[in-house]
Amino acid sequence: MNIENISANKSFNGWHKQYSHSSETLKCTMRFAIFLPPQASNDNKVPVLYWLSGLTCSDENFMQKSGALRIAAELGIAIVAPDTSPRGNNVADDKSYDLGQGAGFYVNATQAPWNHHYQMYDYVISELPKLVESMFPVNQKRAIAGHSMGGHGALIIALRNPERYRSVSAFSPISNPINCPWGKKAFTAYLGSDQTTWEKYDASKLLSHTTRFVPTRVDQGEADEFLAEQLQTGALESAAKGSGFPLELNYHNGYDHSYYFVASFIEAHLHFHANHLK
């Protein structure tokens, strides 16, 4: 397998490493980061939390800003953070920040020119974990989490694949993308104008009719500037109540959309996942 170590930094007696690899799914070179806690060894494979980041982010934002590595080291959980989209000179892009490179939305694009590279859904659920589980001392106990666009990705991936994940959590997720400007723009480009094809990538729609539950936690800042127009967390809350889905939804007074919010509650999220990964 064509994988290259780009960097390695010891942290809390574990190791944070970046790798690049040639992705068959995305048809480009991809980068991801992994934190291996000190407990990880060939004789003691540890569970993994997959972290999906938001618009304009890469693998670096969460690893460097969230403060998660200390807690992950204590709990014995590995963290894997992929990039947020395919990248490269030959990969389709757009001048705006909310479409193209850095804005993959964790869907499988069906429309040209995006469909050649933008298969992030398949990459996250299949190719990346297969690579990670074959190359590193981790087991197949998986959890998934994310922020904003990544929170959307984590929720839809876990809701559609509950057999693959022990738990899911999200900070400030784009909860109802078929009804918000970010989602409408991206889904029209990636998936086409037939909005019935969008619903399988909408957490509120999935939550409203699912019969397979996965432990789910969502945290939302009440001072988030994107809450009303883009995130629409209320739609997720209504869907959960309508279907009886046991959603743990926490609102926090004064918190915004930034990584200051994520860092404030990442310890609670990691303990939430640790309880289900045991």
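A short tour of the structure in this document, coming up.

How each quantity is defined
Residues numbered from 1 in each chain as written. Predicted model: local features only at pLDDT ≥ 70, side-chain atom pairs only at ≥ 80, totals over all residues. Heavy atoms only, no water. Helix = DSSP H or I, 4+ residues; strand = E, 2+ residues; numbered from the N terminus. Rg over C-alpha atoms; globule rule 2.2 N^0.38 Å. Buried < 20%, exposed > 50% of the residue type's maximum accessible area, 1.4 Å probe, protein only. Contact = heavy atoms within 4.5 Å. Areas by Shrake-Rupley, 256 points an atom, 1.4 Å probe, with all protein chains shown as cover. Axes fitted to C-alpha atoms, helices over the stretch in contact; angles between N-to-C directions. Parallel < 35°, antiparallel > 145°, perpendicular 65-115°, else oblique. Left-handed = near helix turned anticlockwise from the far one by under 90°. Nonpolar A, V, L, I, M, F, W, Y, C, P; charged D, E, K, R; others polar. Core = buried A, V, L, I, M, F, W, Y, C linked by side-chain atoms within 4.5 Å. Pairing = 2+ DSSP bridges. Polar contact = N/O pair within 3.5 Å; in protein donor to acceptor, adjacent residues only side chain to side chain. Phe/Tyr/Trp six-rings, centres within 6.5 Å; stacked < 30°, edge-to-face > 60°.

## Points about the overall build of the chain
Here is step 1 of the chain: Scanning the chain for helices and strands turns up nine helices and nine strands.
Here is step 2 of the chain: Computed over its C-alpha atoms, the radius of gyration of the chain comes to 17 Å, within 12% of the 19 Å expected for a compact globule of 278 residues.
Here is step 3 of the chain: Once the C-alpha set of the chain is aligned to its principal axes, its extents read approximately 50 × 40 × 35 Å.
Here is step 4 of the chain: Buried positions account for 60% of the 278 residues belonging to the chain.
Here is step 5 of the chain: Counting contacts in the chain only where the partners sit at least 6 residues apart, residues at least 24 apart contribute 72% of the total.
Here is step 6 of the chain: Carbon and sulfur atoms provide 45% of the accessible area of the chain, an area that totals close to 11,300 Å².

## Section: unusual backbone geometry
Here is step 1 of the chain: Each neighbour pair has its own omega, and for Ala112 with Pro113 the value is 0°, a cis peptide bond.
Here is step 2 of the chain: Mapping Pro113 onto the fold places it in the loop between strand E5 (78-82) and helix H3 (120-135).
Here is step 3 of the chain: Within the chain, Phe105 stands out as a residue other than glycine whose phi angle is a positive 60°.
Here is step 4 of the chain: With respect to the helices, strands and loops of the structure, Phe105 is situated in the loop between E5 and H3.
Here is step 5 of the chain: A positive phi is found at Gln232, a non-glycine position, where the angle reads about 55°.
Here is step 6 of the chain: With respect to the element layout, Gln232 can be found in the loop between helix H7 (227-231) and helix H8 (233-243).

## Description of the packing of H3 against helix H4 (residues 149-160)
Here is step 1 of the chain: Close contact between H3 and H4 brings their axes to 11 Å; oriented N to C, the two are set at 60°. It follows that H3 is oblique to H4 by the angle criterion. The element H3 and its partner H4 pack so that their crossing is right-handed. Note on element contacts: H4 touches H3 through Ile156, Ile157 and Arg160, opposite Tyr121, Val124 and Ile125.
Here is step 2 of the chain: When the residues that make up the contact of H3 with H4 are grouped by side-chain class, the tally is five nonpolar, no polar and one charged.

## Some details on the nonpolar core
Here is step 1 of the chain: Counting residues in each nonpolar core, the largest one holds 70 residues, and the members touching the most others are Phe32, Phe105, Ile144 and Tyr190.
Here is step 2 of the chain: Top contributing element to this core by residue count: H3, with eight residues.
Here is step 3 of the chain: In terms of nonpolar packing, the next biggest core, distinct from the first, is built from 25 residues, Ala68, Leu69, Ala81 and Ala143 among them.

## Observations regarding the sheet that holds strand E9 (residues 247-252)
Here is step 1 of the chain: Taken together, nine strands build an open sheet; the order of strands is E1-E2-E3-E5-E4-E6-E7-E8-E9 and the sheet is mixed. Only two strands of the sheet have a single partner each, and these edge strands are strand E1 (3-11) and E9. Going from strand to strand, the sheet's axes swing by 20° on average, the running direction of each strand aside.
Here is step 2 of the chain: Across six bridges, the pairing between strand E4 (residues 46-52) and strand E6 (residues 138-147) is parallel. If you follow Leu49 over to E6, its bridge partner there is Ala143.

## Describing the environment of Thr210
Here is step 1 of the chain: Structurally, Thr210 can be placed in the loop between helix H6 (203-209) and strand E8 (216-221).
Here is step 2 of the chain: According to the relative accessible area criterion, Thr210 is buried, its value standing at 12%.
Here is step 3 of the chain: As for Thr210 and His271, which are separated by 61 residues in sequence, their C-alpha atoms are 25 Å apart.
Here is step 4 of the chain: Engagement of the side chain of Thr210 in a polar contact is seen with the backbone oxygen of Arg212, the distance being 3.2 Å.

## What about the packing of helix H2 (residues 68-75) against helix H9 (residues 259-277)?
Packed helices, taken two at a time, are described by their axes: the angle between them and the distance between them.
Here is step 1 of the chain: At a minimum axis distance of 9 Å, the contact between H2 and H9 shows a crossing angle of 25°. As judged from the angle between their axes, H2 and H9 are roughly parallel. Of the two possible hands of crossing, H2 and H9 adopt the one that is right-handed. Note on element contacts: H9 touches H2 through Ile266, Glu267, Leu270, His271 and Ala274, opposite Ala68, Arg70, Ile71, Ala72 and Leu75.
Here is step 2 of the chain: Partitioned by chemical class, the residues of the contact of H2 with H9 number seven nonpolar, one polar and two charged.

## Observations regarding the packing of aromatic side chains
Aromatic rings considered in pairs are described by the distance between their centres and by the relative angle of their planes.
Here is step 1 of the chain: Applying the stated criterion to the full structure yields 18 aromatic pairs.
Here is step 2 of the chain: An angle of 15° between the planes, with centres 3.9 Å apart, marks the rings of Trp51 and Phe62 as stacked. Here Trp51, found in strand E4, pairs with Phe62, found in helix H1 (residues 60-65); they are 11 residues apart in sequence, far enough to count as distant. Each member of the pair Trp51 and Phe62 is classed as buried.

## Points about the side chain of His16
Here is step 1 of the chain: Mapped onto the elements, His16 comes out in strand E2 (residues 14-23).
Here is step 2 of the chain: Owing to a relative accessible area of 12%, His16 belongs among the buried residues under this scheme.

All quantities given are derived from atomic positions and should not be read as evidence of function.
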